[in-house]
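Architecture and fold: a report
These are the residues of each chain, in order.
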Amino acid sequence: MNQKENKIIKNITIIINVIFCLIFPLSIVALMVSPMVFDAPCSTKDFCTWVFFWAMVSVPIVIFISVRTSLLLFKLKSYKKAFLFSLLPTINFTIMYLLAWIEKF
């Protein structure tokens, strides 16, 4: 990788980590209200509800681990790995979005 690509990846990684650090307090609030996904009758027997619940509960943990690991790899000058680790919480958000979209139909 050349110097220009490294600079672009470094800047994008920093931006992504800042965004997830700003989302972190909101994810803790969402963690507190996550048991409310089971308010509907028979929702405890629905597999999609359980997957949504665990994706929601694990968001703060995944953000914390992602940002810490990304910063560690950033210090070790492994910018591509840092970028990939910084994208880890998007898996949880994608799962929650898809399940919410599926449940709509």
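In this report, the structure presented in the accompanying data block is examined. (Residues numbered from 1 in each chain as written. Predicted model: local features only at pLDDT ≥ 70, side-chain atom pairs only at ≥ 80, totals over all residues. Heavy atoms only, no water.)

**Some remarks on the overall build of the protein**
Broken down by element type, the protein carries 4 helices and 0 strands. Counting from the amino terminus, the protein carries its helices and strands in the arrangement α-α-α-α. Compactness check: the protein gives a C-alpha radius of gyration of 17 Å against a globular reference of 13 Å for 105 residues, more than 25% above the reference. Referenced to the eigenvectors of the C-alpha coordinate spread, the extents of the protein come out at roughly 55 × 25 × 15 Å. Among the 105 residues that make up the protein, the fraction classed as buried is 29%. For the protein, restricting intrachain contacts to residue pairs at least 6 apart in sequence, the fraction spanning at least 24 positions comes to 69%. (Helix = DSSP H or I, 4+ residues; strand = E, 2+ residues; numbered from the N terminus. Rg over C-alpha atoms; globule rule 2.2 N^0.38 Å. Buried < 20%, exposed > 50% of the residue type's maximum accessible area, 1.4 Å probe, protein only. Contact = heavy atoms within 4.5 Å.)

**Structural notes on unusual backbone geometry**
Phi is positive for Cys 42, close to 65°, though the residue is something other than glycine. The topology assignment puts Cys 42 in the loop between helix 1 (3-33) and helix 2 (47-75). Positive phi, normally seen in glycine, also occurs at Lys 77, with a value near 60°. Position of Lys 77 relative to the elements: it lies in the loop between helix 2 and helix 3 (79-86).

**Considerations on helix 3**
Turning to helix 3, its buried residues are Tyr 79, Ala 82 and Ser 86. One face of helix 3 carries all of its buried residues, which in axial projection span an arc of 60°. Exposed side chains of helix 3 directed beyond 90 degrees from the buried face belong to Lys 80, Lys 81 and Leu 84. Of the surrounding secondary structure, the elements contacted by the buried residues of helix 3 are helix 1, helix 2 and helix 4 (89-104). (Arc of directions from axis to C-beta.)

**Section: the packing of aromatic side chains**
Enumeration over the complete set of coordinates arrives at 6 aromatic pairs. With 6.2 Å between their ring centres and 5° between their planes, Phe 20 and Phe 93 make a pair best called stacked. Taken together, the positions of Phe 20 in helix 1 and Phe 93 in helix 4 put the pair 73 residues apart, joining distant regions of the chain. You can call Phe 20 buried: its relative accessible area is 6%. Taking the relative accessible area as the measure of exposure, Phe 93 reaches 28% and is therefore partly exposed. Within the aromatic cluster, the residues linked to one another by ring pairs are Phe 38, Trp 50, Phe 53 and Trp 54. (Phe/Tyr/Trp six-rings, centres within 6.5 Å; stacked < 30°, edge-to-face > 60°.)

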